[in-house]
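Observations on the three-dimensional arrangement
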Amino acid sequence: MTKSFSMRIVFLLIMGGLSLFACVQKAPPDLLQAVEELDRRLVEAEGARYAPTEFGRFAQHWVGVKGRILAEEDVIRWPWESNSLAMELRAVQAEGQHVLEAAARKKEAERQEASTRVALLERRLETFSSRIDRIGSRVVLGQRPVETELALRQARSYIEQGLFSRSSHVVQQASRLMEDQKALLHTKLGRYADERSVAYWRGLVARTINWSRTHHAVALVINKADRRLTIYRNGRPAGVFPVKLGFNGILEKRYQGDGATPEGQYRIIRKRDRGQTQFYRAFVLDYPNDEDRRRFQAARRTGAMPAETYIGGQIEIHGEDQIPMNQTLGCIMLSNRHIDKVFDLVETGTPVTIIGALEAKNSVSMALASLEDGDDDRLDGAGQPR
Amino acid sequence: MKRLRIGLLMPVMLLVAACAQPPTEKLAAAEKAVADAKAAGAQAYLAEDFTKLEGMLASAKKEITEQDAKFALLRDYGKSEQLLASVSGDAGRVTTETAKKKEEAKAAATQAQQGAQEAVKTAQGLVAKAPAGKDRAALQAIKADAEGLTASLAEIQKALDGGDYQGAQAKAKAIQDKAQSIGNEVQTAMAKMQKGKSAKKK
């Protein structure tokens with residue numbers, strides 16, 4: 001009896017001792033927390049998008065382990081048994097870490113590609129703008145440059161938000177807008193590169209020089225592409241002076257306020273000396289002449305010109321205003337020193353021929369060509385890196 | 001004889017009963033939940049979470065396909081069921097959170113729109129006061145830019161009306177930044193002219 005009682009006590013003591021060491025199989029809380037955190041970071045890193053296969057494996061594994069954690073809440077683990085949940089969690093953690101690194105690498109690569117695309121187009125736009133500024137054709141483009149710039153700013157904004165594909169889409173739009181600008185410049189200024197137009201202008205100049213020769217008189221020729229006034233006396237060049245044109249002077253004048261400088265054959269109808277003009281000294285031209293009127297009326301009839309526009313007038317070759325200006329409203333401006341040299345040589349009736357260019361290879365046609373050549377070769381026409 | 005037949009049929013019936021069935025209904029439910037999240041705009045407003053949902057759904061489908069390819073007795077759809085349950089649960093949360101995020105984005109876009117409108121108005125005011133200066137072409141270009149910005153304001157509204165709040169916000173920010181840059185340019189030019197005038201008086 002005593003022996004049996006003692007045996008029972010010993011058995012209970014052993015069991016009691018063992019139960020002190022035995023415990024419910026639990027996932028280590030810090031490890032569990034670490035994997036949960038990793039899962040959150042994977043969501044932020046868009047693991048499923050950037051490393052889909054690896055993420056799929058991780059997700060399967062992780063969901064399985066989570067299921068096990070719930071299912072094995074009351075499973076007893078003896079001291080000699082290893083904690084398989086902890087081991088699995090560690091495996092999930094390692095797997096997740098691998099996915100995170102892969103996703104982060106790919107996302108960064110995509111971010112860099114998007115940034116490069118924007119930066120390249122920004123550089124293209126900068127080069128483009130400087131080239132069109134050089135020939136004074138910025139005004140021709142109206143609101144288009146700001147539209148392109150807005151698209152590029154938007155693309156940058158999307159990159160900041162991590163929306164790389166949207167950024168890429170807007171870069172393509174911006175690229176198309178730039179192409180539109182180029183097309184517009186070719187439409188408006190293409191005549192500077194057109195052999196027939198240049199031949200026509202050359203003919204006008206030849207007639208003017210011939211007139212000067214046969215009439216033993218002075219005639220003026222203004223070349224808009226070169227921004228130069230040449231004075232001919234007896235058919236020979238007697239002086240060349242730099243000129244400034246209208247703020248949209250590279251275009252052919254169509255209506256009042258367009259800032260363009262007219263083209264064609266004119267005559268001086270009045271001379272204005274000091275005190276008679278705000279521009280030091282001036283010669284008034286007979287713009288609009290019959291040809292200008294005919295063209296204006298035709299444009300109105302076809303609806304190419306709004307009904308409320310006027311043909312304008314008061315086109316002069318003048319000196320400087322009190323404030324030195326870079327452009328006029330459409331007139332031709334000489335420096336005061338140069339108009340002094342010309343003033344006494346010309347008289348009422350002196351012919352003035354204004355042309356676009358004398359050679360097909362001129363500043364405007366070359367600038368137009370450079371718009372094509374100057375494209376960064378790392379981008380294609382759609383703004384995509386080659 | 002009868003006993004023998006029952007004896008033969010029983011294991012066959014047990015085998016058939018033991019074969020696991022693919023979780024077709026759970027898959028359909030998870031797919032619907034993901035589609036609902038997408039329709040709510042999760043792809044745009046909770047992109048990361050939505051990508052995870054899609055990834056998990058794809059993973060579950062892959063697991064089902066893999067199990068389908070196995071011998072009938074060895075099929076186990078446990079993992080895919082767990083994944084699908086997780087997708088369905090998360091998709092509900094994502095749909096709810098998307099609605100919240102969308103509202104936040106709408107509010108932010110509306111605020112950005114107001115900011116852009118004010119900036120453009122200020123820039124227009126400054127451009128109207130801008131002196132001709134010596135560079136008429138530059139002034140014309142700035143005027144065209146300011147007009148372009150005014151015209152672009154309509155695109156913000158268009159994006160807002162179309163529920164593209166991210167687009168509206170990005171556009172508004174671009175317009176606001178450019179309007180401020182124009183304003184600064186005009187103010188600098190005005191200050192320069194003022195300085196020139198003061199210097200001449202001396």
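Everything below is about the structure shown above.
These figures come from a predicted structure and were not determined experimentally.

Let's shift gears to the overall build of chain A. The number of helices and strands found in chain A is 11 helices and 10 strands. Buried positions account for 47% of the 386 residues belonging to chain A. Contacts in chain A between residues at least 24 apart in sequence constitute 69% of all its contacts with a sequence separation of at least 6. Total accessible area on chain A stands at roughly 19800 Å², and carbon and sulfur atoms take up 53% of it.

Another point: the sheet that holds strand β9 (residues 332-333) of chain A. Strand-to-strand pairing in sheets goes through backbone hydrogen bonds, with the strands running parallel or antiparallel. Residues and elements named next belong to chain A. Read across the sheet, eight strands follow the order β5-β4-β3-β10-β6-β7-β8-β9 without closing on themselves; strand pairing throughout is mixed. Of all the strands in the sheet, the pair left with one neighbour each is β5 (236-242) and β9. The sheet contact formed by strand β3 (residues 218-223) and strand β4 (residues 228-233) spans six bridges and is antiparallel. Counted as the bridge partner of Asn 223 is Arg 228 from β4.

We now examine the interface of chain A and chain B. Chain A puts 35 residues into the contact, and the matching count from chain B is 38 residues. Together chain A and chain B conceal approximately 3400 Å² of surface at their shared face, both sides included; 59% is due to carbon and sulfur atoms. The interface formed by chain A and chain B includes four salt bridges. Of the charged contacts, one joins A:Arg138 and B:Asp145 as a salt bridge, the two residues approaching to 2.6 Å between their closest N and O atoms. Linking chain A with chain B are 10 residue pairs in polar contact (both at pLDDT 80 or more), by the criterion used here. Where the side of chain A that touches chain B is concerned, the elements lending two or more residues are α2 (29-44), α3 (47-50), α4 (52-71) and α6 (144-160) of chain A. In terms of residue count, α6(A) provides more of the side of chain A that touches chain B than any other element does, eight residues in total. Of the residues belonging to the side of chain A that touches chain B, the class tally is 14 nonpolar, 12 polar and nine charged.

Turning our attention to the pairing of β5(A). All names here are of chain A. Direction of pairing for β4 relative to β5: antiparallel, over a ladder of six bridges. Its bridge partner being in β5, Arg 228 is matched across the sheet by Pro 242. Counting the residues that bridge the hairpin from β4 to β5 gives two residues, and of these Asn 234 lies at a positive phi of roughly 55°.

Taking 1.5 Å of rise per residue, 16 residues should cover 22 Å, and α2(A) covers 23 Å from first to last C-alpha, within 8% of that figure. Taken together, the buried positions of α2(A) are A:Leu31, A:Leu32, A:Val35, A:Leu38, A:Asp39, A:Leu42 and A:Val43. The arc enclosing the buried residues of α2(A), seen along the axis, measures out at 145°, which places them on a common side. Among the exposed residues of α2(A), those pointing more than 90 degrees away from its buried face are A:Pro29, A:Asp30, A:Gln33 and A:Glu44. For α2(A), the elements touching its buried residues are α3, α4 and α5 (84-134) of chain A together with α4 (47-68) of chain B. Positive phi appears at A:Glu46, one or two residues downstream of α2(A), with a value of about 50°.

Below, the discussion takes up the environment of A:Arg111. Residues and elements named next belong to chain A. Relative to the helices and strands, Arg 111 is located in helix α5. Judged by its relative accessible area of 32%, Arg 111 falls in the partly exposed class. Residues Arg 111 and Ser 165, 54 residues apart in the sequence, show an inter-C-alpha distance of 9.6 Å. Ignoring sequence-local partners within four residues, the contact set of Arg 111 consists of Ile 159 and Phe 164.

Another point: the side chain of A:His338. Residues and elements named next belong to chain A. Here His 338 lies in helix α10 (residues 336-343). With a relative accessible area of 11%, His 338 lands in the buried category. For His 338, the side chain forms a polar contact with the side chain of Ser 335, separated by 3.0 Å. Excluding anything up to four places from it in sequence, His 338 contacts Phe 241 and Pro 242.

This next bit is on the pattern of salt bridges. Pairing between side chains becomes possible if they bear opposite charge and their charged atoms approach one another. The full count for this structure, using the stated rule, is 35 salt bridges over all chains. Across the pair A:Arg281 and A:Asp340 runs a salt bridge, and its minimum N-O distance is 2.8 Å. Taken together, the residues A:Arg281 in the loop between β6 (264-272) and β7 (282-285) and A:Asp340 in helix α10 connect sequence positions 59 residues apart. Note that B:Lys173 and B:Asp177 form a salt bridge whose closest N and O atoms lie 3.3 Å from each other. Linking B:Lys173 with B:Asp177, this pair stays in helix α7 (residues 165-201), spanning four residues, or about one helical turn. Classification of B:Asp177 as partly exposed rests on a relative accessible area of 27%. Taken together, the salt bridges that share partners define one network made up of A:Glu252, A:Glu291, A:Asp292, A:Arg294 and A:Arg295.

Looking now at unusual backbone geometry. With an omega of -5°, the peptide bond running from A:Tyr287 to A:Pro288 counts as cis. Tracing the sequence through the fold places A:Pro288 in the loop between β7 and α9 (290-301).

Once that is clear, we can look at the packing of α2(A) against α4(A). Residue and element names in this part refer to chain A. Interaxial distance between α2 and α4 falls to 12 Å at its minimum, and their mutual angle equals 145°. The handedness of the crossing between α2 and α4 comes out as left-handed. Here Leu 32, Val 35, Glu 36, Asp 39 and Leu 42 of α2 come into contact with α4, specifically with Phe 55, Phe 58, Trp 62 and Ile 69.

We now examine the packing of aromatic side chains. For the structure shown, the criterion picks out five aromatic pairs over all chains. Arranged with centres 6.2 Å apart and planes meeting at 45°, the rings of B:Tyr45 and B:Tyr165 form a pair that is tilted. Note that B:Tyr45 is positioned in helix α3 (residues 42-45) and B:Tyr165 in helix α7, a separation of 120 residues in sequence. Like B:Tyr45, the residue B:Tyr165 is buried in the burial classification. Stacked on the ring of A:Phe343, the Lys or Arg A:Lys271 has its end atom at 4.5 Å from the ring centre. Over the ring of A:Phe343 we find A:Arg281; its NZ or CZ atom is 4.1 Å from the centre of that ring.

Of all hydrophobic cores here, the largest spans 86 residues; its most connected members are A:Phe55, A:Leu89, A:Phe128, A:Leu185, A:Leu189 and B:Leu53. The biggest single contributor to this core is α5(A), with 14 residues. Among all residues touching A:Leu185, those that are not within four sequence positions of it are A:Phe128, A:Ile132, A:Ser137, A:Val140, A:Leu141, A:Gly190, A:Leu368 and A:Leu371. Counting residues in each nonpolar core, the second largest holds 29 residues, with A:Val146, B:Ala130, B:Leu160 and B:Ile175 among its members.

Reading the values: rules and limits
Residues numbered from 1 in each chain as written. Chains lettered and ligands numbered in written order. Predicted model: local features only at pLDDT ≥ 70, side-chain atom pairs only at ≥ 80, totals over all residues. Heavy atoms only, no water. Helix = DSSP H or I, 4+ residues; strand = E, 2+ residues; numbered from the N terminus. Buried < 20%, exposed > 50% of the residue type's maximum accessible area, 1.4 Å probe, protein only. Contact = heavy atoms within 4.5 Å. Areas by Shrake-Rupley, 256 points an atom, 1.4 Å probe, with all protein chains shown as cover. Pairing = 2+ DSSP bridges. Buried area = accessible area lost by both parts, 1.4 Å probe. Salt bridge = Lys/Arg side-chain N within 4 Å of Asp/Glu carboxyl O. Polar contact = N/O pair within 3.5 Å; in protein donor to acceptor, adjacent residues only side chain to side chain. Nonpolar A, V, L, I, M, F, W, Y, C, P; charged D, E, K, R; others polar. Expected span 1.5 Å × (residues − 1). Arc of directions from axis to C-beta. Axes fitted to C-alpha atoms, helices over the stretch in contact; angles between N-to-C directions. Left-handed = near helix turned anticlockwise from the far one by under 90°. Phe/Tyr/Trp six-rings, centres within 6.5 Å; stacked < 30°, edge-to-face > 60°. Lys NZ or Arg CZ within 6 Å of the ring centre and 35° of its normal. Core = buried A, V, L, I, M, F, W, Y, C linked by side-chain atoms within 4.5 Å.

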